[in-house]
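Tertiary structure, described
If you want the building blocks of each chain, they are given just below.
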Amino acid sequence: MPGQTLVEKILSRASGRDVRAGDIAIAQVDLAYVQDGTGPLTFRQMEKMGLVKAANPTRSVVFIDHSAPPPRKELATDHVYLREFAARTGMVVSDVGEGVCHQVAFEKFVRPWDVAIGADSHTVMGGAMGAFATGMGSTDVAVALALGKTWLRVPETMKFEVGGRFAKGVFAKDLILRVLGDIKTDGATYMAMEWGGPAIAAMPMTERMVLSNMAIEAGGKCGPQPSDQETKRYLREHGREAEWKELRPDPDAGFEDEHPYDVSSLEPMVARPPQEDNVVPVTDPSVKGLRIHQVYLGSCTNARYEDIRVFCEYMKGEKVAKGTRLIVVPASKESYVRSMKEGLLEILLDAGATINPPGCGACPGVHLGIPGDGENVLSTTNRNYVGRMGNPAAFTYLASPATAAATAMHGVIADPREVG
Amino acid sequence: MGRAWKFGDNVSTDLIAPGRYYHLRSNLPELAKHVLEDARADFAAGVKAGDFVVGGRNFGKGSSREHAPVIIKLPGTRAVLAKSFARIFYRNCINIGLPAVVVDTDRIDEGDDLDINLEAGVVTDRTKGIELAFPPLPSVMARILEEGGLVEYIKNHGDLVLAGP
Ligand code: SF4
């Protein structure tokens, strides 16, 4: 028998038998969560099933992040229901101001070897921890919360083997955009996108997270990565070193296909509307110099402390171009506090930024930065679909925090390698 | 029998249930008035019980919002047909008891009169006089769909007791 991929290993452990791609498994769920957009329906489904309970209350989390604080009474009332339901079942609440579900889950809850099921598609970010993490709909998550298990088809694995060294101004976001441009928005449907190779080993955790986060943008079921010394360092930094366990793929694991990348020649990339795979280098005339009305540094993809720091390295002492708005939404309270302590918020405010509370903000189009008709947005988020940011008559371009900083300064899409 | 409402490739859940109506998620009949409105403005007002949503490739890509298939189903939509589906959306359809069927939708045109036989695995296009076969669902999903969705399934069995593939 050939060796196992990362998902095969994790799902074998979680289902108590040796499973391989294509098998149907019932897996124990180690972490289940909802957010405020999907949680109310999840809990109503639990009531309909007659299962108002949590199998593992301390590993069941309700994140209030998508409309936090709530801009409308309907959403505020959803929050009332979420808190009441959590109180009845003993679930943990991560309330207004704590931050985006996947970011907070990563800081506090996701562990190597976990099966993590979230009622949100970017749950896949947990893969960077060496977990099997995937997004499901409300009814599936209702079952996962109440019974502590879920059914899964063990996915085939596409292996992304990454070598080389990133040039200055080039980041994990540029790599994942490049991959999306290559394999397209349904290129990994039903599959695991497993990452490995020397460039991944050398990558800090907060960059690895970007790669796993956007697995769903290729239709991927999960984006698993090894759990190594960097994983251990991250957990130690978060007071959770005891939760570290190594996870490595077997050298003879059976992959569906392999995709080698060398990042040394990678350039900053931009995804044009209307979807994430419409990708060109920042030097392409269709994007370079394009007027941008709003720069948005936010979301679970690229608004951690480390992203804000990169942004500020470019922005320090500079001003946001006239006629361009800069909106910053730290992904979590941790990122917010650390940015504050290190003086980054002052750099941002001096440059002319508006800083919003930690949460999803305008990323899903609910509030706090919805663009106007005909406006162009350069955003560090993960989706640029029609209407995604709340206005189908606006246009969103996706890029890294460095490209966002260069763009904010110039008011047009700019190449970070040409500034700072 | 019902009418085909045609959509293109890569219809996202943001097109189906736009973020600007986030506050209507606990009021599904109101949310359903906006279903797919950014893809085509005439659908929500025109769709009738028994009609079909017909997409291209990668239908339902994007978010996990189950509200998307729920508001497609709410007016009585018979099934969603597409050349391929995004994973979460597909699973959500089955979980809420809305048939999601992978079939060659290039052969179906806007306004065609359609019928479906889930047991036989056939979509009939009466306008064209053709039958389009589709493969059966994976057995796990077939059972969930047969029982009316995952809520009913859990109510019937009290647990996840799924037989193998
Ligand atoms: S930040 Fe955006 S992508 Fe991330 S969970 Fe929130 S809405 Fe989803």
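Now for a look at the structure at hand.

The rules behind these values
Residues numbered from 1 in each chain as written. Chains lettered and ligands numbered in written order. Predicted model: local features only at pLDDT ≥ 70, side-chain atom pairs only at ≥ 80, totals over all residues. Heavy atoms only, no water. Near = heavy atom within 4 Å. Nonpolar A, V, L, I, M, F, W, Y, C, P; charged D, E, K, R; others polar. Domains from an automatic or database assignment. Helix = DSSP H or I, 4+ residues; strand = E, 2+ residues; numbered from the N terminus. Axes fitted to C-alpha atoms, helices over the stretch in contact; angles between N-to-C directions. Left-handed = near helix turned anticlockwise from the far one by under 90°. Contact = heavy atoms within 4.5 Å. Buried < 20%, exposed > 50% of the residue type's maximum accessible area, 1.4 Å probe, protein only. Pairing = 2+ DSSP bridges. Core = buried A, V, L, I, M, F, W, Y, C linked by side-chain atoms within 4.5 Å. Parallel < 35°, antiparallel > 145°, perpendicular 65-115°, else oblique.

Turning our eyes to something else, we now look at the site of the ligand. Residue and element names in this part refer to chain A. By nearness alone, every residue bordering the ligand is listed as His66, Val100, His102, Asp120, His122, Ser299, Cys300, Cys360, Cys363, Pro364, Asn382 and Arg388. Considering only residue class, the shell around the ligand consists of five nonpolar, five polar and two charged. When residues are assigned to domains, the shell around the ligand turns out to be shared by domain 1 (6-262) and domain 2 (271-418), each giving three or more.

A separate point is unusual backbone geometry. All names here are of chain A. Geometrically, the link from Ala68 to Pro69 is a cis peptide bond, its omega value of -5° lying close to zero. Inspection of the secondary structure puts Pro69 in the loop between β3 (60-63) and α3 (73-89). Cis geometry is adopted by the peptide bond preceding Pro274, which originates at Pro273 and carries an omega value of 5°. Examined against the element boundaries, Pro274 turns out to sit in the loop between β11 (269-271) and β12 (279-281).

Before going further, it helps to examine the packing of helix α2 (residues 39-49) of chain A against helix α5 (residues 138-147) of chain A. Residue and element names in this part refer to chain A. Relative to each other, α2 and α5 sit at 65°, their axes nearing to 8 Å. Considering how the two elements wind past one another, α2 and α5 form a crossing that is right-handed. Residues Leu41, Thr42, Phe43, Gln45, Met46 and Met49 of α2 lie in contact with α5, whose contacting residues are Ser138, Thr139, Val141, Ala142, Val143, Leu145 and Ala146. Considering only residue class, the contact of α2 with α5 consists of nine nonpolar, four polar and no charged.

To continue, consider the pairing of strand β7 (residues 149-153) of chain A. Residue and element names in this part refer to chain A. Among the five residues that make up β7, four are buried, leaving the element largely enclosed by the rest of the structure. Sheet topology places strand β1 (residues 24-28) next to β7; five bridges connect them, and they run antiparallel. Each bridged residue has a counterpart across the sheet, and for Gln28 the counterpart in β7 is Lys149.

It is worth spelling out the nonpolar core at this point. Core analysis: the largest hydrophobic core is formed by 84 residues, its most contacted members being Phe43, Met91 and Phe132 of chain A together with Ile16, Phe59, Ile72 and Ile154 of chain B. Broken down by element, the residue count for this core peaks at seven residues, all from α5 of chain A. Among all residues touching Ile72 of chain B, those that are not within four sequence positions of it are Ile16, Val35, Leu36, Val53, Phe59, Thr77, Val80, Phe89 and Leu98 of chain B.

The next thing to look at is the packing of helix α10 (residues 305-315) of chain A against helix α12 (residues 344-351) of chain A. Residues and elements named next belong to chain A. At a minimum axis separation of 10 Å, α10 and α12 run at an interaxial angle of 50°. Taken together, α10 and α12 sit at an angle that is classed as oblique. Crossing hand, α10 versus α12: left-handed. On α12, the residues that touch Tyr305, Ile308, Arg309, Phe311, Cys312 and Met315 of α10 are Leu344, Ile347, Leu348 and Ala351. The class makeup of the residues in the contact of α10 with α12 is nine nonpolar, no polar and one charged.

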